[in-house]
Amino acid sequence: MKKNLQVHCFLLLLFCYVPLIGQNLAVTNKIKPAFEDYFGQPRVSLFLHLNKSAYVKGEHIWFKAYLFNRVKGIPLQESVNVYVGLYDATGKQLVKHLFLSQEGYAQGQIKIDSTMGHGQHYIKATTSWMRNFDENDAYVQQFVVLDANVPPSPVSDKRDVDIQFLPEGGHWVNNVQGVLGIKAIDDKGKSLANLRGVIRNQKGAAIANFKTNRFGLSKVTMTPRQGENYTAFVDIGAEEQKKIPLPLAEKLGLALSIQRIQNNRVMLLVGTNAETKKQIKGKPLSIIIHRDGLLKSLDVVFPEDELYVSHILDTDQLHPFMNIVTLLDNLGNPIAERLFFNDRGFQKTKLNASVGRIAEDSIQISVSGFGKNQISHASVSVLPKETKAYNHNDNILSTHLLKPYLSGFVENAHYYFEASNQERMADLDLLLLTQGWSKYNWNNIFNKPPAKIFDPRVGIDVFGSINSKVPKSTDLLVYAGPNTEPTVVYLNEESTEFRLKNMVLETGDELRMTLLEKRGDLSLPNLFVRTDTGESEDKVFDLEPFNIVESLARAGGIEYNDLKNFVFPDNTIKLSEVVVSEKPKIKESTTPYVQEFKLKTVTPEIEGLYPRLLDLIRSYGFNVWEMPNTGYDRIRISTKRPSAFGSMAQPAPILYVDDVRYSDFNILLDFPTTRIERYYIDHSGIMEAGGGGGVIRVYTRKEGEVGAPSLRKTKPKSTFFTHLVKKGFTPIKQYYTPSYRSMVDESFRQFGTIHWVPEMKINENGVGTLSIPNTGLIEIMLCLEGMDTNGILYSEKKVVMVSTNP
């Protein structure tokens, strides 16, 4: 019996509450406020696309990160730090690296080094924001390191069988028709497919038969009787049968069931027995349908002579994709729960790949099927067709649409989203039936809303202590890397500490700091500096129940391959020594910012004609104003040319002194030309970003030098304190193919990599292009993951025929 739906919208902070029928006061007074508190902070899921799952020492793990705002259903727009760590088989951290996600994407690489021995490993990616929540949203994936010197572990075919019987919604109630989910796994958590069984009552009569699917799952529909003992007889071998007693039916209770029916409709069924109904005494029950704070509800009222209540809903009245369906009593306490995936609107996007131009050293490939006039991002791993090195448990769809809501491990989670058809959706529904309650703990929802302890970190914080007295009217200039605008830290005479937040610094960068005094002079500060990335050492606790090394051993993927010297060390090939007798060429430049021949040397004639640097600048046609008593900008300089686009404003040039960029010209006050060794003055500034008003570069003589360069006597005294960043963002490398011993043998075909493209170029017509090395292989595999601005997710494996001529 279909109910008429009444829809009321409540705009909450980050979620929507829509009652479908009536309204249980407990939903309004208890559930709604609890959801507002618990889900008010946005939840993000994170997926790493790894170029492979099996590596040999000397290779890199190349990856692309995709961050997804689950409430909005689009890429995370805010920039955040992404922490990526590698862990051993026990979950112990080996290394951790820092990367920056912008507009939902990040990329990077981590080298497989000598600290990673043969066998199982894990990679984990997380953000500081995720630490605020009790649910673990970190992304964890297995990978394996193969070492030719270590033999694979022996594989045992003997497995213990564990068969579980799981009532739909969590309750198996006397005299109530219900669905019993069946899950068959071995002692390592691997599924047991194609097991046949029969359920018999205590008299031996057959009640139901079942057979597990490829993931060891099945279900039966039964009406249990209280006090009746049911037993399952399961064939687990050629002549072996296992007897498993079923759970006893509950005397009192309510059962929740969800069934797909025709024409994109779903039936929600609540059943009970006569004794339970008497105890309910007409008290209102409710079903809420929720996900990530999105909330809909309907009342459950048993007719006078009925023990079942059904609601038939169109799937467009459910939330898109995952729905958590919970039955509540009149006080808002959860009774039963079931997960349901709404596939309406979910259509697996089909991508097509074709080979274009084939050259001796490269191959052009096109991939079509992305959304037109959309900004799409996709990463592609290119591998030999026969590869055994790409066996990930997840893809981007299972990571963002399925895993955030399940509390247990899902074997081959990618399977459910590799195609959109009835068979896969039926398998997915069977998985959700046997998974039981969702990841969200109701006690936490009611009593433990997340506290905003950890901010969404962006960048690195720099902490400094000043160990000397600060002169009056002195500021601290901080340069984060070469050729950057300074950050000004305003000081006073009592200043002892300072903090700079959200600095984007890479490991190996130099932080340079100098004191800027009132007259514009620079002096060396006495500082102690440390940096904080927000990292913390952690572990992987949810270890996957199966072993990739064992899987490879079963497939003959280790023993029968020669992985010795598979990759040449350090990506180099040893060459014969060559002695060069030719005299070395003179350096092209003394600074990376301007070529040597363009620098002019200050001569005695220039010193006589232009006693001050400002006089020299004027001689190059710049406007110069000297206003020593008019505030902070005491010197002003501009070009005499108007700026572009018809503006009458005359832009100022960029000023560098000893390759340090200054945001104003105050340092030029009383700056004698005798202090200058060489200089470069350019009106156009066309060779430098932001140089529309020209560029002025000055290189000073060192302390003690006056006049010609031949009078140098003392070693320069630095005015900068320098701090080497030892822990910052990991520099992003451009992908390079390892120097494999061979790119045609069987070992390469099974474990080598041809190419990795972290960001494929995709045009407005939805066509992506990539260029890969031509290894001579006839068939190759493209493994692609991607996402666009509307939150459409792409995942595809394509075998491409390069040439029909072997």
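A quick note: this is a predicted structure, and the numbers were derived from the prediction, not measured.

Enquirer: Just give me the short version of the sheet that holds strand S47 (residues 779-788), but keep the residues and values in it.
Expert: On the basis of which strands lie adjacent, the open sheet formed by four strands has the order S44-S28-S47-S48 and antiparallel pairing. Edge positions in the sheet fall to strand S44 (755-757) and strand S48 (793-801), since each has one partner strand and no second. The mean inter-strand angle of the sheet, taken between neighbouring strand axes irrespective of direction, is 15°. Bridging between strand S28 (residues 376-384) and S44 involves three bridges; their strand directions are antiparallel. Its bridge partner lying in S44, serine 381 is registered against tryptophan 756.

Enquirer: Provide a residue-level description of the sheet that holds strand S12 (residues 161-167), including the pertinent values.
Expert: Within the open sheet, the three strands sit side by side as S12-S13-S16. Their pairing is antiparallel. Bordering the open sheet on either side are S12 and strand S16 (217-222), each of which pairs with just one other strand. Strand-to-strand, the axes of this sheet are offset by a mean angle of 25°, without reference to chain direction.

Enquirer: Now, about the environment of proline 486: what can you tell me, with residues and values included?
Expert: Structurally, the position occupied by proline 486 is in the loop between strand S30 (475-480) and strand S31 (487-490). On a C-alpha basis, the gap between proline 486 and arginine 661 in space is 7.1 Å, while along the polypeptide they are 175 residues apart. In this structure proline 486 touches Leu477, Val478, Tyr479 and Arg661, once residues within four positions along its chain are discounted.

Enquirer: Could you give an account of the nonpolar core, naming the residues involved and the relevant values?
Expert: Counting 66 residues, the largest nonpolar core has Leu48, Val84, Leu402, Phe417 and Leu428 as its most contacted members. The dominant element in this core, judged by the number of residues it contributes, is strand S5 (residues 60-69), at six residues. The residues contacting leucine 48, other than those within four sequence positions of it, are Phe63, Lys64, Ala65, Val84, Ile123, Ala125 and Tyr139. Grouped together as the second largest cluster of nonpolar side chains are 34 residues, Val56, Phe370, Phe566 and Leu782 included.

Enquirer: Could you give me a rundown of helix H4 (residues 422-435), with the residues and numbers involved?
Expert: End to end, H4 covers 20 Å across 14 residues, agreeing with the expected 20 Å (1.5 Å per residue, within 8%). Among the 14 residues in H4, eleven count as buried, and that is most of the element. Looking at the packing, one finds that the buried side of H4 touches S12, strand S13 (178-186), S16, strand S24 (321-328) and strand S25 (334-342).

Enquirer: If you had to explain empty space enclosed by the protein to someone new, which residues and values would you point to?
Expert: Taken as a whole and judged by the stated rule, the model has two cavities of 30 Å³ or more. The calculated volume of the largest cavity comes to roughly 100 Å³. Lining the largest cavity are 13 residues, with Gln177, Gly178, Val179, Ser257 and Leu269 sitting closest to its centre. Elements that contribute at least two residues to the lining of the largest cavity include exactly S13, strand S19 (254-261) and strand S20 (265-272).

Enquirer: How would you summarise the pattern of salt bridges if you had to cite specific residues and measurements?
Expert: For the structure shown, the criterion picks out 33 salt bridges. Between arginine 260 and aspartate 343 there is a salt bridge whose closest N-O contact spans 3.2 Å. With a gap of 83 residues between them, arginine 260 in strand S19 and aspartate 343 in the loop between S25 and strand S26 (352-358) connect regions that are remote in the sequence. The partner of arginine 612 in a salt bridge is glutamate 626, with the nearest N and O atoms 2.8 Å apart.

Enquirer: Could you give me a rundown of the confidence of the model for the protein, with the residues and numbers involved?
Expert: Note: predicted coordinates in regions of low pLDDT should not be interpreted at a detailed level. Looking at the protein, the pLDDT average stands at 86 and 86% of residues meet or exceed 70. Within the model, pLDDT remains below 50 along residues 1-22, and this stretch shows 70 contacts once partners closer than five positions in the same chain are excluded. For residues 571-590, every residue scores under 50 in pLDDT, and the model assigns this stretch 14 contacts once sequence neighbours within four places are set aside.

Enquirer: Give me the lowdown on the side chain of arginine 43, citing residues and values where you can.
Expert: Within the secondary structure, arginine 43 is located in the loop between helix H1 (25-38) and strand S3 (44-50). Reaching out from arginine 43, the side chain makes a polar contact with the side chain of glutamate 135 at a distance of 2.9 Å. Excluding residues that lie within four positions of it along the chain, arginine 43 makes contacts with Tyr38, Phe68, Asn69, Arg70, Phe133, Glu135, Asp292, Tyr440 and Pro450.

Enquirer: Quick rundown of the side chain of asparagine 395? Include the residues and the values.
Expert: Take asparagine 395: it is sitting in the loop between S28 and helix H3 (396-401). Polar side-chain contacts of asparagine 395 include one of 2.9 Å to the backbone nitrogen of serine 398. Beyond its immediate sequence surroundings of up to four residues, asparagine 395 is in contact with Phe47, His414, Phe417, Glu418, Glu785 and Ser795.

Conventions and cut-offs
Residues numbered from 1 in each chain as written. Predicted model: local features only at pLDDT ≥ 70, side-chain atom pairs only at ≥ 80, totals over all residues. Heavy atoms only, no water. Pairing = 2+ DSSP bridges. Helix = DSSP H or I, 4+ residues; strand = E, 2+ residues; numbered from the N terminus. Axes fitted to C-alpha atoms, helices over the stretch in contact; angles between N-to-C directions. Contact = heavy atoms within 4.5 Å. Core = buried A, V, L, I, M, F, W, Y, C linked by side-chain atoms within 4.5 Å. Buried < 20%, exposed > 50% of the residue type's maximum accessible area, 1.4 Å probe, protein only. Expected span 1.5 Å × (residues − 1). 1 Å grid on protein atoms, 1.4 Å probe; cavity = no way out; pocket = protein on both sides within 12 Å on 5 of 7 lines; lining within 4 Å. Points joined across faces, edges and corners; volume = space filled by probe spheres on them. Salt bridge = Lys/Arg side-chain N within 4 Å of Asp/Glu carboxyl O. pLDDT = per-residue confidence, 0-100. Polar contact = N/O pair within 3.5 Å; in protein donor to acceptor, adjacent residues only side chain to side chain.

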